[in-house]
Every structure is written in structure tokens, then in C-alpha cells.
Amino acid sequence: MTGRSAPPPRRLALGRKVASPIGFTGVVPLGPGGMPQDSALTAVEALLIVPPGLEGYDAGTQIEACDP
């Protein structure tokens, strides 16, 4: 809406496994080093979108994450 294009996705290696139920789109906040964040008290550096057809990703998987 402001005429700016979206920033390109970031390539990260996941710090640990991410699980998501099949049939639902998952949004996983990532912190430093591609670590999924379980706490609302830590800074979010990127977001991982897990498509509804996947159960998640293994640790070390190279993923594309977007800015929060």
C-alpha cells in the first residue's frame, strides 16, 4: 500500500525440529540462529510459515523465513 516491495525471504538453517499438524498452516516465530521460540519474552527475528501439507521440518533444514 505504501509502494514498497516486500523484502526477500531470509534463508536460515533451523536450530531444532519444528512440528506442525497436517492440514493447518503453522506460523513459527524464530529467534537467533533459527531457533524456534517457545516464549513470548524473547525477540523474534523471523517467521517460518509451515504449509498445511507438511508435518514440519527437521533440525538443520534450510528454510525461507520472512520478517516479523
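Here the structure is a predicted model, which is why all the values come from computation and not from measurement. Per chain, the residues get numbers from 1 upward, laid out in the order the sequence is written. Confidence filtering applies because this is a predicted model: local features only for residues at pLDDT of at least 70, side-chain atom pairs given and counted only at 80 or more, and all residues used for totals across whole chains, interfaces and linings. Only hydrogens and water are set aside; all other atoms, that is, all heavy atoms of the structure, feed into the side-chain values.

### Section: the environment of I49
- Secondary structure counts use DSSP, requiring at least four H or I residues in a row for a helix and at least two E residues in a row for a strand, with both numbered from the N terminus. Inspection of the secondary structure assignment puts I49 in strand β4 (residues 46–50).
- Whether a residue is buried, partly exposed or exposed follows from its accessible area with a 1.4 Å probe, protein chains only, as a fraction of its type maximum: under 20%, in between, or over 50%, in that order. The exposure class of I49 is partly exposed, given its relative accessible area of 42%.
- Residues I49 and C66 lie 17 residues apart in sequence; the distance between their C-alpha atoms is 8.2 Å.

### A few points about the pairing of strand β6 (residues 62–65)
- By the alternation rule, side chains of β6 split into I63 and A65, which are all buried, and Q62 and E64, of which none is buried.
- When DSSP finds two or more bridges between two strands, those strands count as paired. Sheet analysis places strand β1 (residues 10–13) next to β6, joined by four bridges and oriented antiparallel. Each residue of the ladder has a partner; that of R11, found in β6, is E64.

### Thoughts on the pattern of salt bridges
- Take a side-chain nitrogen of Lys or Arg and a carboxyl oxygen of Asp or Glu: if they are within 4 Å of each other, that pair is a salt bridge. Applying the stated rule across the entire model yields two salt bridges.
- Of the charged contacts, one joins R10 and D67 as a salt bridge, the two residues approaching to 3.0 Å between their closest N and O atoms. You can see R10 sitting in strand β1 and its partner D67 sitting in the segment after β6, a full 57 residues away along the chain.
- The class of R10 is partly exposed, set by a relative accessible area of 30%.

### Notes on the confidence of the model for the protein chain
- Looking at the protein chain as a whole, the pLDDT averages 88, with 99% of positions reaching at least 70.
- Per-residue confidence from the predictor is reported as pLDDT, a score between 0 and 100. Ranking the elements of the protein chain by mean pLDDT puts β1 last, at 90, and strand β5 (residues 56–57) first, at 94.

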